[in-house]
Amino acid sequence: MYMTRKGILFIISGPSGVGKGTIKKAVLPRVGDLLESISATTRKPRINEEHGREYFFLTEEEFKTWIQQDKFIEWANVYSNMYGTPREFVIKKLEQGKDVLLEIDIQGALQVKATMPEGVFIFIAPPAIEDLVDRLCNRDQDSPESIAARLAASEKEMSYMPLYDYVVVNDDLEDAVTKTEAIIIAERCKISNLNMG
Ligand code: 5GP
């Protein structure tokens, strides 16, 4: 008997400021063979961000051209900037049997769920709304208006949690990373994810 499998698509998502980016960065080196998809965005690069490393930084025109050319699996407008997951990389790697990780907002995750329901959807939840306020306010790159908009959205976003496969409450980073790692390892062991012959 031989065993092979298609790659598994993991989606880490949740309200803004919940710490999903931090969890992703900590999880990647701990689980081997997990490829990170690099998103495209119209947001300006922050200090220390590089084109092709954190994001593909596009103009609005370029982003719209990519939409017209159907280059995205999903795309969404997140706080006045566009963000999207380039299709080609994800599809190619999954077909090669490689696992791929997306870290995207909830609107994007819902679109992926509609077209790729076999993905593993992980909801990162804040321990409490006050905690989310602190985290957003301590990320000093965001303006007060953008913080207010993110907070208003986060309450609604919590209502989408039941559509996901797993929830990880980010009350302690190490604990949240361990849980996310455990989910990835368990999914890789699932017999239903194997092709046996
Ligand atoms: P930031 O600008 O702080 O890097 O990201 C802002 C938000 O956009 C985060 O919630 C992040 O998860 C989300 N995001 C990043 N890339 C994508 C993407 O490709 N698609 C969608 N829908 N959201 C994304």
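The structure this text deals with has already been given above.
Reading the values: the criteria
- Residues numbered from 1 in each chain as written.
- Predicted model: local features only at pLDDT ≥ 70, side-chain atom pairs only at ≥ 80, totals over all residues.
- Heavy atoms only, no water.
- Buried < 20%, exposed > 50% of the residue type's maximum accessible area, 1.4 Å probe, protein only.
- Helix = DSSP H or I, 4+ residues; strand = E, 2+ residues; numbered from the N terminus.
- Arc of directions from axis to C-beta.
- Contact = heavy atoms within 4.5 Å.

1. With respect to helix 1 (residues 20-30)
And step 1. For helix 1, every residue scored as buried is listed here: Lys20, Ile23, Lys24, Val27 and Leu28. Summarising the axial view, the buried residues of helix 1 lie within an arc of 130 degrees, below the 170-degree limit, and thus occupy one face. Exposed and facing more than 90 degrees away from the buried side of helix 1 are Lys25 and Pro29.
And step 2. Of the surrounding elements, those touching the buried residues of helix 1 are strand 2 (9-13), strand 3 (34-36), strand 8 (99-103), strand 9 (120-125) and helix 7 (173-189).

2. Focus: unusual backbone geometry
And step 1. A positive phi angle, close to 45 degrees, is found at Tyr79, a residue other than glycine.
And step 2. Among the structural elements, Tyr79 can be located in the loop between strand 6 (72-78) and strand 7 (81-86).
And step 3. Given a relative accessible area of 22%, Tyr79 falls into the partly exposed group.
And step 4. Although it is not a glycine, Ser80 sits at a positive phi angle of roughly 75 degrees.

Purely geometric numbers; function is a separate question.
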